Structure formats: C-alpha cells, structure tokens
Amino acid sequence: MRRELKRSITWILAAAVMSSGTSLIAQAPQGGAGGQGRAGGAGGRGPATPPLLMTSSAWEDGGVIPNKFTQAAEGGAAVSPELKWSQVPPGTQSFVLLMHDPEPVLNKGSKMDITHWLIWNIPGTSTGLPENVAQGELPDGSRQVSLRSNAYMGPGAPAGPYHHYTFELYALDIKLDVPQGTPQQAADTRNAVFNAMDGHVLGKALLVARFHR
C-alpha cells in the first residue's frame, strides 16, 4: 500500500513539473562559482589602466626637499627640481604641473593658496622636466607663472611646523588656450587654467616635499 502511495505521489510531481516546464535540477550560475570567471576580471571591464606616476631624483615622495630647490638656497637663487613621469594615459595632448603650498591661504580665501609654480601646455610627448627650467614661455610652448615671477618659486616656509609643498601633474586630452599672464595675475591665471582643464583630465599624479627653515 505504501509503495502504491509513493508511486502515485512521484507520478503526480513529475506530471506537474512536465506541465510547468520547470526543472527540479539546480542550475549552476554561468561563468563559474559565484558568477566569476568573466573575461577581463570582475564586470568584464578588462585590466585597469595604470595610474600616472611622478618622481624626482632630488627627494622621495613625502621627504624633505634639499635647500638647493628652496628659498634657503645659497644666494636665495632656488632652482626647479628634476621631475620624471611615466604610465602616461593614451590620448594625452599636454600636461599641467602645479606646485603649491596648501598650508597658507591668500586674502582669507578658501579656494586659493600660494602658487609656487604653474606650468601648462607641456607637450604630451614629454616624460619630465629637467632641473633648473628657464624662465618665461619655453621653446616647446610651455607657459609658466608663480606668485613672484614667470618661473619656479622655491619653498620658503618659516621656522615651525613643516609645510607640505604639493606637486600635482595632470594629463590632458587637449592643449590650453590660456595666455602667459604675469606674477600679479598668478591667481587669475591659475583659475583660468583649471577652468579650461575641466572635463579634459585623463590622469593625475602627486608628489609631496616637506620644508621649513
């Protein structure tokens, strides 16, 4: 009797499954356990683009910048440090380099600190800047300005806590139509450069140097 009952139940279940078109066999997720194993890694996006990198032969990132490159240099004639970059994003047409001191503010503002060096329209084929870059507009079309001149202005923080001089390198997919400007217009020029950059940044690298007298 029990066997007959079991057979009846089995037959009823099988009939229900066949009529609904549903399989009782558990389906494994496609692509392997947990849905992984897609081409190019998670999400199928392929390998990530390596980040833009910037280094200097003068100091390690976060280290103390030598006096040669600061306002404590002999005679006060600071020279710009050598900078190198790599892993440039495809499609880069130009670079912008900003060196600024984020500790002080200008005119009690919240958007502007001291511009120690802003150089833009560095050719996209460039892999760095040599030590002691000349003043003014360069033969390759690069333009530059700082708070004091159309050239690099070295760190000059007084005695006390270290200031963190930050070098920011941006890879752009365009060249910028921003004129040279004068030191008196450094803040306005910096705003104009960053406004023109908006929507065109392919990559960014940071390098920090510490200094105080």
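Attention in this report is confined to the structure presented alongside it. (Residues numbered from 1 in each chain as written. Predicted model: local features only at pLDDT ≥ 70, side-chain atom pairs only at ≥ 80, totals over all residues. Heavy atoms only, no water.)

Quick word on the packing of aromatic side chains
- Counted by the stated rule, this structure contains four aromatic pairs.
- Seen from their ring centres, Trp85 and Phe95 are 5.1 Å apart, and the 45° between their planes marks the pair as tilted. Taken together, the positions of Trp85 in strand 2 (residues 83-86) and Phe95 in strand 3 (residues 94-101) put the pair ten residues apart, joining distant regions of the chain. Phe95 carries the same exposure label as Trp85, and that label is buried. (Phe/Tyr/Trp six-rings, centres within 6.5 Å; stacked < 30°, edge-to-face > 60°. Helix = DSSP H or I, 4+ residues; strand = E, 2+ residues; numbered from the N terminus. Buried < 20%, exposed > 50% of the residue type's maximum accessible area, 1.4 Å probe, protein only.)

What to know about the environment of Asp140
- Along the polypeptide, Asp140 turns up in the loop between strand 5 (128-129) and strand 6 (143-145).
- Separated by 19 residues in the primary sequence, Asp140 and Asn121 place their C-alpha atoms 8.6 Å from one another.
- The residues touching Asp140, leaving out its near neighbours within four places in the chain, are Asn121 and Pro123.
- Looking at Asp140, its side chain comes within polar contact range of the side chain of Ser142, at 2.8 Å. (Contact = heavy atoms within 4.5 Å. Polar contact = N/O pair within 3.5 Å; in protein donor to acceptor, adjacent residues only side chain to side chain.)

Digging into the sheet that holds strand 3
- If you trace the five strands from one edge of the open sheet to the other, you get 6-4-3-7-8, paired in antiparallel fashion. Taken across any chain shown, the strands that pair with only one partner, and hence form the sheet edges, are strand 6 and strand 8 (201-211). Put simply, the sheet's adjacent strands are angled 10° from each other on average, direction ignored.
- Two strands pair when backbone bridges link them, and strand 3 and strand 7 (residues 163-172) are joined in this way by seven bridges, in the antiparallel orientation. Across the sheet, Val96 pairs through a bridge with Tyr170, a residue of strand 7.
- Against the sheet, helix 2 (residues 186-197) touches strand 3, strand 4 (114-123), strand 6, strand 7 and strand 8, its axis set at about 45° to strand 4. (Pairing = 2+ DSSP bridges. Axes fitted to C-alpha atoms, helices over the stretch in contact; angles between N-to-C directions.)

Some thoughts on the pattern of salt bridges
- One pass over the structure, following the stated rule, counts three salt bridges.
- Of the charged contacts in the structure, one is a salt bridge between Arg190 and Asp113, with a shortest N-O distance of 2.9 Å. One end of the pair, Arg190, is in helix 2; the other, Asp113, is in the loop between strand 3 and strand 4, and 77 residues separate them in sequence.
- Classification of Asp113 by relative accessible area gives buried; the value is 10%. (Salt bridge = Lys/Arg side-chain N within 4 Å of Asp/Glu carboxyl O.)

What about unusual backbone geometry?
- Positioned with a positive phi, Asn121 is a non-glycine residue whose angle comes to about 60°.
- Along the chain, Asn121 falls in strand 4.
- Residue Asn132 is not a glycine yet carries a positive backbone phi of 60°.
- With respect to the secondary-structure elements, Asn132 resides in the loop between strand 5 and strand 6.
- In this structure Asn132 comes out as partly exposed when scored by relative accessible area, which is 48%.

Geometry only, nothing functional implied.
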